[in-house]
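An overview of the molecular structure
Each chain is listed here by its residues.
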Amino acid sequence: MGKTRIVAAAALLGLTLATSAALAQGSVRIGLVTDMTGPLSDVQGPGSVEAAKIAIEEFGGTVLGRKIEVLSADHLNKADVGVAIARKWVDRDDVGLLLDLGNSAVAIAVQDLAKDKNKISITTGAASGELTNKFCNANSFHWGYDSYQFAKASTGQIVKGGGDTWFFITADYAFGHALENDARRIIESSGGKVVGAIRHPINTADYSSMLLQAQASGAKVIGIASAVSDLQNILKQGREFDVFGEGQRPAALPMLLPDVHALGLRVSQGVVLSTVAYWDTDDKTRGFADKFRARMGRPPSEAHAMNYSAVLHYLKAVAAAKTTDTAAVIAQMRQMPIDDAFTKGARIRADGRIMRDIHLARIKSPGQSKGAWDYLELLGPIKAEDAFRSPAESVCALLKRT
């Protein structure tokens, strides 16, 4: 090799090493792929970003002597958009953690990317239980609620309380089908019976005929296996037609705190649900809620609380591992218990499912509430093993190895 080529090669090597060193000493970046403007933006969106920032501030703002930075973008509820954002961040901006993923199609696609790129993904907003079942991988975690928990956690309690006959009004797409099918199994195994069901397209406006059919069935419980605006409209119209009362109770399986706020207590009162996080549980959750309210003008949703929890645990793992290397950080995440304002001693199962105890709750009546966002009466804890899919029911290969 000639002298000129040797000098050029040395210069190129020096530039590469300098660039790598600069990158290594740059910010530790976390990327939130979320719904900033669409139907899920109230549950996730800007609040998810602020919750992550609060976690970073509580941690101290730096880790391994490096600034912690949050990137955020709107996936528009489209899997291809979400993956394109995540790919750009991973390839160009050295993002090590992809977070929120508040749409099941987006979350599944980004999980696959995280595995291929050897990065970490944590779902805090999407609900598909298949993320840690059919689509599980060793680089990805499901931090909060999921469709299986929605189906199981409160359903068995309702059956035991006398609600032993059910009629379902179900959204006619994968999430609704999975929710109804899982709930059916729980109802029947608990000694109850499903007497009928009807399915509706997403964003249906008029549920009157479906509600009257449910009423005519004589079922003690009308199960709502629909989400967001569909769930809200079914509950609202059910109250308008006097379908819901002492004889027939609604069970709005995937109901979240923002749904309650949107409907108001007059419409939603008495509904029993399960929740992974509630801002008014104890002094620690109220302390976080005060910080969050100062920025957002309201308490956190379940997904906001989970973003806070996930970011805090990830940063603790980076500090313990003394590196941002993916394998080392994941090992620490799995080894360390998860402890924060909303989580006490939870662990990460082999399939990526966070095994956390959750709450059984009933929505308060207007007379019981002390003011805005004081919506839930906590009835007691539900153990993680009684809320989430058991290893015996799972098809995840990671569980079969343990």
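What counts, and at which threshold
- Residues numbered from 1 in each chain as written.
- Predicted model: local features only at pLDDT ≥ 70, side-chain atom pairs only at ≥ 80, totals over all residues.
- Heavy atoms only, no water.
- Helix = DSSP H or I, 4+ residues; strand = E, 2+ residues; numbered from the N terminus.
- Rg over C-alpha atoms; globule rule 2.2 N^0.38 Å.
- Buried < 20%, exposed > 50% of the residue type's maximum accessible area, 1.4 Å probe, protein only.
- Contact = heavy atoms within 4.5 Å.
- Phe/Tyr/Trp six-rings, centres within 6.5 Å; stacked < 30°, edge-to-face > 60°.
- Lys NZ or Arg CZ within 6 Å of the ring centre and 35° of its normal.
- Pairing = 2+ DSSP bridges.
- Axes fitted to C-alpha atoms, helices over the stretch in contact; angles between N-to-C directions.
- Disulfide = S-S within 2.5 Å.
- Left-handed = near helix turned anticlockwise from the far one by under 90°.
- Nonpolar A, V, L, I, M, F, W, Y, C, P; charged D, E, K, R; others polar.
- Parallel < 35°, antiparallel > 145°, perpendicular 65-115°, else oblique.
- Expected span 1.5 Å × (residues − 1).
- pLDDT = per-residue confidence, 0-100.

Focus: the overall build of the protein chain
The secondary structure content of the protein chain amounts to 16 helices and 16 strands. Expected size for 402 residues packed as a compact globule is a radius of gyration near 21 Å; at 23 Å, the protein chain falls within 12% of this value. Projected onto the principal axes, the alpha-carbon positions of the protein chain cover approximately 90 × 40 × 40 Å. When the 402 residues of the protein chain are sorted by exposure, 56% land in the buried category. Considering only intrachain contacts with a sequence separation of at least 6, the fraction spanning at least 24 residues in the protein chain is 70%.

What about the packing of aromatic side chains?
For the structure on display, the rule yields nine aromatic pairs. Within the aromatic cluster, the residues linked to one another by ring pairs are F288, F292, Y308 and F342. Seen from the ring of W279, R293 lies directly overhead, with NZ or CZ sitting 5.2 Å from the centre. A cation sits over an aromatic face here: R353 above F388, 4.0 Å from the ring centre.

Topic: the sheet that holds strand 3 (residues 66–74)
Read across the open sheet, the six strands follow the order 2-3-1-4-5-6; overall the sheet is mixed. For this open sheet the edge positions go to strand 2 (62–63) and strand 6 (140–142), each flanked by a neighbour on one side alone. As defined by bridge partners, strand 2 adjoins strand 3 across two bridges and the pair is classed as antiparallel. Residue pairing in the sheet places T62 in a bridge with K67 of strand 3. In the packing of helix 3 (residues 79–93) onto the sheet, the strands contacted are strand 1 (28–34), strand 3 and strand 4 (95–100), and the crossing angle to strand 3 comes to about 155°. Along the sheet, helix 4 (residues 104–117) makes contact with strand 1, strand 4, strand 5 (120–123) and strand 6, crossing strand 5 at roughly 160°.

Digging into the state of the cysteines
Overall, the coordinates contain one disulfide when judged by the stated rule. Residue pairing for C136: its cysteine sulfur links by disulfide to C396, the two sulfurs lying 2.1 Å apart. Handedness of the C136-C396 disulfide follows from its S-S torsion of about 95°: it is right-handed. Here C136, found in the loop between strand 5 and strand 6, pairs with C396, found in the loop between helix 15 (384–387) and helix 16 (397–400); they are 260 residues apart in sequence, far enough to count as distant. Take C136 and C396: they sit in the same class, and that class is buried.

Description of unusual backbone geometry
A positive phi angle is found at L76, which is not glycine, with a value near 60°. With respect to the secondary-structure elements, L76 resides in the loop between strand 3 and helix 3.

Considering the packing of helix 2 (residues 45–59) against helix 13 (residues 302–321)
Packing of helix 2 against helix 13 brings their axes to within 8 Å, and their N-to-C directions diverge by 35°. For helix 2 against helix 13, the interelement crossing comes out right-handed. Contacts between helix 2 and helix 13 involve G47, S48, A51, A52, I54, A55, I56, E58 and F59 from the former and H304, N307, Y308, V311, L312, L315, K316 and A319 from the latter. Its residues assigned to classes, the contact of helix 2 with helix 13 comprises 11 nonpolar, four polar and two charged.

A closer look at the packing of helix 2 against helix 12 (residues 283–296)
Helix 12 packs onto helix 2 with a crossing angle of 130° between their chain directions and a minimal axis gap of 10 Å. When the axes of helix 2 and helix 12 are compared, the pair comes out oblique. For the element pair helix 2 and helix 12, the recorded crossing hand is right-handed. Note on element contacts: helix 12 touches helix 2 through F288, K291, F292, R295 and M296, opposite P46, G47, E50, A51, K53, I54, E57 and E58. When the residues that make up the contact of helix 2 with helix 12 are grouped by side-chain class, the tally is six nonpolar, one polar and six charged.

Side note on the pairing of strand 13 (residues 343–348)
Relative to strand 13, strand 12 (residues 338–340) is paired through three bridges, and the arrangement is antiparallel. Its bridge partner lying in strand 13, D339 is registered against K344. Between strand 12 and strand 13, which follow one another and run antiparallel, lie two residues. Relative to strand 14 (residues 354–355), strand 13 runs antiparallel, the two being bridged by two bridges. Bridge pairing in strand 14 links I348 to I354. What sits between strand 13 and strand 14 in their antiparallel hairpin is a turn of five residues, with G352 showing a positive phi close to 95°.

Comments concerning the sheet that holds strand 13
Strand order in the open sheet made by the three strands is 12-13-14, with antiparallel pairing throughout. What marks the edges here is a single partner per strand, and that holds for strand 12 and strand 14. Those strands touched by helix 13 are strand 12 and strand 13, and its axis lies near 120° from that of strand 12.

With respect to helix 2
Over its 15 residues, helix 2 extends 22 Å from the first C-alpha to the last, a length consistent with the 21 Å expected when each residue adds 1.5 Å. Within the span of helix 2, buried status applies to G45, G47, S48, V49, E50, A51, A52, I54, A55 and I56. At the exit of helix 2 stands G60, carrying a positive phi of roughly 120°.

So, the confidence of the model for the protein chain
Regions with low pLDDT should not have their predicted coordinates read in detail. Scored by pLDDT, the protein chain comes out at a mean of 92, with 93% of its residues at no less than 70. In the model, residues 1–24 has pLDDT below 50 throughout and makes four contacts with residues more than four positions away in sequence or in other chains.

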